[in-house]
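# Examining the three-dimensional arrangement
One-letter residues, chain by chain:
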Amino acid sequence: MKVLHLNAGNETGGGMFHILSLLNELNRSEFYLGVFEQGEMHERAVNSGIQTVLFHQKSKFDISIIKKIILFINENEIDLVHTHGARANCYGILIHRFADVKWVATVHSDPRDDFMGMGAVGRLYTAANKSALKKADHLLAISDRFKNILTGFGIPSKRVSTILNGIDFDKKLPDPYERKELGLTGEDFVVIMVARLEPVKGHKIALQAMKKVKLAHQGKVRLLLVGDGQQKEVLEKYAAELGLEKVVNFLGHRNDVEKIYPAADLAILTSYSESFPLVLLEAARAGVPVITTDVGGVDKLIPDEKYGWIIPVENPDSLADRITSAMEMKTSGQLRDMGRKLESYSKRHFSIEQFANNVYNVYLKLLN
């Protein structure tokens with residue numbers, strides 16, 4: 001079996017780590033990664049020893065690379081193409097038509113929200129992506145909710161498999177930062193949110209909740225926002241309007257998140273849409289309890305409130321209440337116990353080995 005994974009290559013978040021983790025776990029002699037842009041993802045893949053091919057595009061609309069990809073498929077006797085992301089999905093239609101391969105696509109996010117806030121252009125891209133997904137031989141959904149979305153598009157259920165993310169819980173992690181290295185003190189209650197600064201991640205809800213917590217409590221509370229994106233200036237201005245200049249730290253895009261998590265007391269995610277967020281698994285690996293909106297497959301990670309909290313989407317009051325509860329639990333020593341329970345539960349159910357085996361079994365079934 002030979003498999004070519006395709007992605008635009010401009011991923012820097014969960015999608016990138018999903019693809020690289022999968023390829024690092026699978027048999028590298030059978031798998032290739034093809035990207036269209038030379039960025040962080042390409043660099044990480046090469047440094048990891050993944051067989052990586054750059055199908056360089058002059059622009060996002062340069063479809064001449066289709067010919068290059070098909071030539072590569074034929075020369076290397078590729079059996080299956082696995083696309084990730086809207087651009088790769090749309091190219092998948094032409095590749096599938098002109099090359100003798102099976103085609104699998106992973107749906108990392110709700111296709112209806114991928115181009116949120118982009119107006120008519122966004123609606124055009126969304127329609128193209130949905131049309132492409134309907135043509136794939138098989139789809140991998142990163143949560144049952146996403147599977148339901150896809151079947152709602154008219155895609156037969158038998159052509160969609162739910163496969164939840166996994167990470168390497170046995171990975172040797174670097175030494176964590178001391179709080180003072182991040183401008184924090186031992187008395188601070190530290191909340192971390194790792195997410196691109198994009199509308200779908202709901203950062204304004206997090207900021208509204210932090211204002212409520214700040215007003216209600218005299219204790220020091222800090223919010224670390226890790227990530228970059230088109231809303232950076234908007235969110236910095238909004239935080240200032242809420243009087244949170246001394247509460248919120250915008251850390252930007254970081255490659256050392258594993259060293260930052262242990263400095264936090266709590267991780268939050270306020271997204272309007274997610275699949276099965278890797279950032280929550282990373283928090284769990286660090287033993288950090290989480291609060292997340294009710295999106296994707298988060299109920300599989302947090303089956304009840306012994307492991308963390310699930311709150312409604314776009315509800316700053318609920319988020320503020322849970323942060324307050326976490327602050328009280330820290331005082332009583334219960335919060336650390338919750339983090340340990342989440343870590344143990346996640347390690348048993350969401351290992352990288354389980355994740356990779358599930359994907360590989362889909363390949364085998366499809367090719368046989």
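Structural notes, computed from the coordinates. Treat the numbers as computed from the prediction; the structure is a model and nothing was measured.

### Brief notes about the overall build of the protein
Along its length, the protein carries 14 helices and 13 strands. Since a compact globule built from 368 residues should have a radius of gyration of about 21 Å, the 21 Å found for the protein is in line with a globular shape. Projected onto its principal axes, the C-alpha coordinates of the protein cover approximately 65 × 45 × 40 Å. The proportion of buried residues among the 368 residues of the protein is 52%. Accessible surface, the protein as shown: approximately 16600 Å² in total, 48% of it carbon and sulfur. Taking the average place of the 47 positive charges on the side chains of the protein and the average place of its 45 negative ones, the gap between the two points comes to 3 Å.

### Overview of the packing of aromatic side chains
Enumeration according to the criterion identifies nine aromatic pairs in this entry. Residues Tyr32 and Phe72 carry aromatic rings whose centres are separated by 5.3 Å and whose planes lie at 85 degrees to one another, so their mutual orientation is edge-to-face. Of this pair, Tyr32 sits in strand 2 (residues 31–35) while Phe72 sits in helix 3 (residues 65–75); the two residues are 40 residues apart in sequence, bridging distant segments of the chain. Each member of the pair Tyr32 and Phe72 is classed as buried.

### Description of the sheet that holds strand 13 (residues 309–311)
What the six strands build is an open sheet, ordered 10-9-8-11-12-13; its pairing is parallel. Where the open sheet ends on each side, the last strands, each with one partner, are strand 10 (248–252) and strand 13. Put simply, the sheet's adjacent strands are angled 20 degrees from each other on average, direction ignored. Relative to strand 9 (residues 221–226), helix 7 (residues 203–216) is tilted by about 170 degrees, and along the sheet it contacts strand 8 (189–194), strand 9, strand 10 and strand 11 (266–269).

### Focus: helix 4 (residues 86–98)
The end-to-end C-alpha separation of helix 4 is 19 Å, in line with the 18 Å expected for 13 residues at 1.5 Å each. At Gly92, helix 4 shows its strongest bend, of approximately 30 degrees. Taken as a whole, helix 4 has its buried residues at Ala86, Arg87, Ala88, Asn89, Tyr91, Gly92 and Ile95. Contact partners of the buried residues in helix 4: strand 1 (3–7), helix 3, strand 4 (80–84), strand 5 (102–107) and helix 5 (119–133).

### Comments concerning the side chain of Asn129
Tracing the backbone shows Asn129 in helix 5. Residue classification places Asn129 among the buried positions, given a relative accessible area of 2%. Among the polar contacts made by the side chain of Asn129, one reaches the side chain of Asn89 at a distance of 3.0 Å.

### Section: the pairing of strand 9
Burial analysis of strand 9 places six of its six residues in the buried class, which makes it a mostly covered element. Both faces of strand 9 are covered, namely the face carrying Val221, Leu223 and Leu225 and the face carrying Arg222, Leu224 and Val226. As judged from the six bridges shared by strand 8 and strand 9, these two strands associate in the parallel manner. Opposite Met193, over in strand 9, you have Leu225 as the bridge partner. Here four bridges tie strand 9 to strand 10, and the two strands are oriented parallel to one another. Looking at the pairing, Leu223 lines up with Val248 of strand 10. With respect to chirality, the unit in which strand 9 leads through helix 8 (residues 232–241) into the neighbouring parallel strand 10 is right-handed.

### What to know about the pairing of strand 6 (residues 138–141)
Side chains of strand 6 alternate between two faces, with His138 and Leu140 and Leu139 and Ala141 buried alike. Taking the sense of rotation as the criterion, the β-α-β connection linking strand 5, helix 5 and strand 6 turns out right-handed. As judged from the three bridges shared by strand 6 and strand 7 (residues 160–162), these two strands associate in the parallel manner. Among the inter-strand pairings, Leu140 is bridged to a residue of strand 7, identified as Ser161.

### Quick notes on the side chain of His82
When you line up the elements, His82 lands in strand 4. Setting aside its immediate chain neighbours within four residues, His82 contacts Val3, Leu4, His5, Leu6, Val104, Ala105, Thr106, Leu140, Val359 and Tyr363.

### Description of the nonpolar core
One finds Phe189, Ile192, Leu207, Leu266, Ile268 and Ile323 to be the most contacted residues of the largest nonpolar core, which totals 67 residues. Setting aside chain neighbours within four positions, we find Ile192 in contact with Leu224, Val226, Ile260, Tyr261, Ala264, Leu266, Ala267 and Ile268. Membership of the second largest hydrophobic core comes to 23 residues, among which are Ile19, Ala45, Phe355 and Val362.

### Digging into the sheet that holds strand 3 (residues 51–54)
The strand order across the open sheet formed by seven strands is 3-2-1-4-5-6-7, and the pairing between neighbours is parallel. The open sheet is flanked by strand 3 and strand 7, the only strands paired with a single partner. On average, each strand axis in the sheet is inclined to that of its neighbour by 25 degrees, with strand direction left out of account. In terms of strand pairing, strand 1 meets strand 2 through five bridges, oriented parallel. The partner of Leu4 across the bridge, within strand 2, is Tyr32. Sitting on the sheet, helix 4 touches strand 1, strand 4 and strand 5, and the angle it makes with strand 4 is about 160 degrees. Together, strand 1, strand 2, strand 4, strand 5, strand 6 and strand 7 form the strand contacts of helix 14 (residues 352–367), whose direction differs from that of strand 4 by roughly 135 degrees.

Thresholds applied
Residue numbering note: each chain is counted from 1, following its sequence as written. At least 70 in pLDDT is required for a residue's local features to be given in this predicted model, at least 80 for side-chain atom pairs to be given and counted, and no such filter applies to totals for whole chains, interfaces and linings, which use all residues. Each side-chain value is derived from all of the structure's non-hydrogen atoms; neither hydrogens nor water enter the calculation. Helix numbers and strand numbers start at the N terminus; a helix is a DSSP run of H or I with at least 4 residues, a strand a run of E with at least 2. The globule rule is 2.2 Å times the number of residues to the power 0.38, and the radius of gyration it is compared with is taken over C-alpha atoms. We call a residue buried when its accessible area falls under 20% of the maximum for its residue type, exposed when it is over 50%, and partly exposed in between, using a 1.4 Å probe and counting protein chains only. With residues, only the protein chains shown are counted as cover, and all accessible areas are computed by Shrake-Rupley using a 1.4 Å probe. Within this scheme the basic residues Lys and Arg register as positive and the acidic residues Asp and Glu register as negative, but His and the chain ends are omitted. Where a charge sits is defined by one atom per residue type, namely NZ (Lys), CZ (Arg), CG (Asp) or CD (Glu). For Phe, Tyr and Trp, rings pair up if their centres lie within 6.5 Å, where Trp contributes its six-membered ring, and each pair is then called stacked (planes under 30 degrees apart), edge-to-face (over 60) or tilted (otherwise). Strand pairing follows a simple DSSP-based rule, namely that at least 2 bridges must link the two strands. Here the axes come from fitting lines to C-alpha atoms, over the contacting stretch only for helices, and the angles between their N-to-C directions go from 0 to 180 degrees. Contacts are assigned to residue pairs with any non-hydrogen atoms lying within 4.5 Å of each other. Multiplying one less than the number of residues by 1.5 Å gives the expected span of a helix. In this analysis the local bend is the angle between axes fitted, respectively, to the seven residues ending at and the seven residues starting at the residue. Counting of polar contacts relies on pairs of N or O atoms within 3.5 Å, with two restrictions inside protein: one atom must be capable of donating a hydrogen and the other of accepting it, and residues adjacent in sequence are counted only when both atoms are side-chain atoms. If you view a crossover with the strands going away from you and the path from the first strand over the helix to the second runs clockwise, you call it right-handed. Buried Ala, Val, Leu, Ile, Met, Phe, Trp, Tyr and Cys residues form a nonpolar core when they are joined through side-chain atoms within 4.5 Å.

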